[in-house]
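Overview (structure and organization)
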Amino acid sequence: MFQFQTPQTLQPTILPALFHHQRHCITAAFRPSPASSVTLTISSPTTNKNHSIQSLCRKGQLKQAIHLLSHEQNPTQYTYELLLQSCVREKSLADALTVHRSLIDNGFDQDPFLATKLITLYSELDSIEHARQVFDKTTHRTIYVWNAIFRALSLSGLGEEVLNLYRRMNRIGMRSDRFTYTYVLKACVVSDSGLSSLWAGKEIHAHVLRHGYESQVHIMTTLVDMYAKFGCVENANLVFSSMPVKNLVSWSALIACFAKNDRPFEALRLFREMMLESGDMLPNSVTMVSVLQACAAVSALDQGKLIHGYILRKGLDSILPVMSTLVTMYARCGDLDLGKNVFNQMDKRDIVSWNSLISSYGIHGLGSKALAVFQEMVQLGISPSPISFVSVLGACSHSGLVDEGKILFDSMVTEYGIYPTMEHYACMVDLLGRANRLYEAAKIIADMRDEPGPEVWGSLLGSCRIHCNVELAERASRRLFELEPRNAGNYVLLADIYAEAKMWDEVKRVKKLLEASGLQKVSGCSWIEVRRKIYLLKSVDELNPQIEQIHAFVENLSKEMMKKGYVPQTKDILYDLDSEEKERIVLGHSEKLAVAFGLINCSKGETIRITKNLRLCEDCHSFTKFISKFADREILVRDINRFHHFKDGECSCKDYW
DNA sequence: GAGGAAGGGC
């Protein structure tokens, strides 16, 4: 070991040139001596011990390596690099801290290279506090150091902090590189400050263009994703279209964007376009997941089966996310058995796969089956996740298993240490509310520790709609109008309740409120897949040449059925009209049109599968029950919440929905 | 000399 005094003016940056052959050992080997002069410590050319430590690291023997480290007087930067790598592999925070301490003791605490490694290491060990300390103590911050802390903070969900640091970095004149942009854009997504982070994202978008990075696929794809996560589908689309270079990830990002933002038809269209336009680009498991979600959203069973075939041919059937999505896709497309088959054939399963199956039973109204699967899972030693409870409580709710649901809810904390979130409370309110235990539901809300959110009040309002409770509905909607003034559905629900109670002045008042707010009521529509094509039905539809014929068909059908005892249910109608007018309106509901379309176009014996965007109305429900017997057809209808399986004049929901 | 993008269950 050599030790000598250096003049104060000697800068670390010129040292590598002086001691070229020992670059690793020197870059950050400054250590202020007690005498305030600068002492430079240079280790001898890599010692045998260094070699041994390095080789132990490579062999995965971290403990032995650390032991040897305590006997090495001059560990090199490279030695530390390997040690830190091993700590990541071993996921050992304790070892990381030991190595870190040794690194400080040996004068590497200002080494930007190792600082980068340390920040990344602590981030992977979920110790953001330590990562932040390293960043704060590093005075010479290269862009690598900045990027590492941006990434670490983003991964911990501290987007706001990243954006503040990014602004600070810009102020001191540090230039971003192409990695910086991807990290700070990600930070916008994970930041919880809503619109202001979207603005930050747009600003960074401008920086990206100003600095000529528009051909960087990674950055542009991150931009697509950023806009997607904020629901700015048009912006995402624009960025994608402007990209001079696109790859599979960029395509998948936009497909996911459509799938996640309620535009499944566009997701499927883009997927087809990708397959046609870029023959050499083969979809992978990530692409498949989004495409399957789109199939599930529109109940495109036949298309889903084609994708399933592709998955098998490409050997993607061992990938868990793909398989869980397949289970969900089949269930949501109405084929619970195929979903079960996929689940049964999986050779490994994780909590998500189980949750998929539980909620599949749930939406098909098979609450006890869902409960049984939940129990089976627990008995196999798999710990339920918060979402397991959302799924199983939802299943109880759809089947009216109130007591079972209450027991499960209580067991969350007592047996599993899972504290209920807003979603769990919403499930409980729904469970009790649907069962007409509205005041118990209201008590759940009153007893909540946190401020009840819109999902909770929305559940209560929905239940008030089912059981026509004006008093509670008024209370719930008052809060809802404050919490989500832009949700037209809440106004409609309240108006429905007033209408059922024949409080016509109140109906008028709420309708005026809705009009004044400029919000659009979501109009009902239904769709049906016939021979791999999806047909959309709406009550009023100038574009559909067949619509008159279908309306006439429904009218005749209804007349025939009325002779056999079908009585139209018109209490949902929002207008104070005579009953004949009301009957005419409910007859025009899109679901009945879809049933008629199915009867005309599906072959005999084939189950008619219909999907609709709202909750099934009372009259469509009794109409479809009636027709399943009258026309001797099985009809499967998925509404916004669940499935109804109509057969022989009965519905699988047993009129509880 | 180092680091980056898309995806599962409600």
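Predicted model, so just to flag it, every value in this text is computed and none were measured. (Residues numbered from 1 in each chain as written. Chains lettered and ligands numbered in written order. Predicted model: local features only at pLDDT ≥ 70, side-chain atom pairs only at ≥ 80, totals over all residues. Heavy atoms only, no water.)

**Section: unusual backbone geometry**
The backbone of D632 sits at a positive phi, close to 50 degrees, despite the residue not being glycine. Along the chain, D632 turns up in the loop between helix 34 (618–630) and strand 7 (635–638). (Helix = DSSP H or I, 4+ residues; strand = E, 2+ residues; numbered from the N terminus.)

**Observations regarding the side chain of T138**
With respect to the helices and strands, T138 occurs in the loop between helix 8 (128–137) and helix 9 (143–155). Here V134 takes part through its backbone oxygen, which lies 2.7 Å from a polar atom of the side chain of T138. The residues contacting T138, other than those within four sequence positions of it, are Q110 and A115. (Polar contact = N/O pair within 3.5 Å; in protein donor to acceptor, adjacent residues only side chain to side chain. Contact = heavy atoms within 4.5 Å.)

**Details of the state of the cysteines**
All told, the structure shown has zero disulfides when counted by the stated rule. Unpaired in terms of disulfides, C653 finds its nearest cysteine sulfur in C651, a separation of 3.6 Å. (Disulfide = S-S within 2.5 Å.)

**Section: the confidence of the model for chain A**
Here chain A averages 90 in pLDDT, while 93% of its residues score no lower than 70. Below a pLDDT of 50 lies the segment residues 1–43, which in the model reaches 68 contacts outside its immediate sequence neighbourhood of four places, other chains included. (pLDDT = per-residue confidence, 0-100.)

**A look at the packing of aromatic side chains**
For any pair of aromatic rings, geometry is given as the distance between the ring centres together with the angle between the planes. Per the stated rule, a full pass over the model turns up 14 aromatic pairs. Taking the centre distance of 5.9 Å and the plane angle of 55 degrees together, the rings of Y566 and F626 count as tilted. Separated by 60 residues along the polypeptide, Y566 in the loop between helix 31 (547–563) and helix 32 (579–587) and F626 in helix 34 bring together distant segments of the chain. Here a set of aromatic residues connected by ring pairs shows up, and it is made of F135, W146, F150 and Y166. (Phe/Tyr/Trp six-rings, centres within 6.5 Å; stacked < 30°, edge-to-face > 60°.)

**Points about the pattern of salt bridges**
Counted under the stated rule, the structure contains 23 salt bridges. When the shortest N-O distance is used, the salt bridge between K340 and D337 registers 3.3 Å. Taken together, the residues K340 and D337, both in helix 20 (residues 336–345) and three residues apart, mark about one turn of the helix. Of the charged contacts, one joins K592 and D619 as a salt bridge, the two residues approaching to 2.8 Å between their closest N and O atoms. A residue pair is termed long-range when its members are at least 10 positions apart, and K592 in helix 33 (residues 590–601) and D619 in helix 34 qualify at 27 residues. The pair formed by K592 and D619 is uniform in burial state, with each residue classed as buried. Within the structure, one salt-bridge network assembled from shared partners comprises D403, K406, R437 and E440. (Salt bridge = Lys/Arg side-chain N within 4 Å of Asp/Glu carboxyl O. Buried < 20%, exposed > 50% of the residue type's maximum accessible area, 1.4 Å probe, protein only.)

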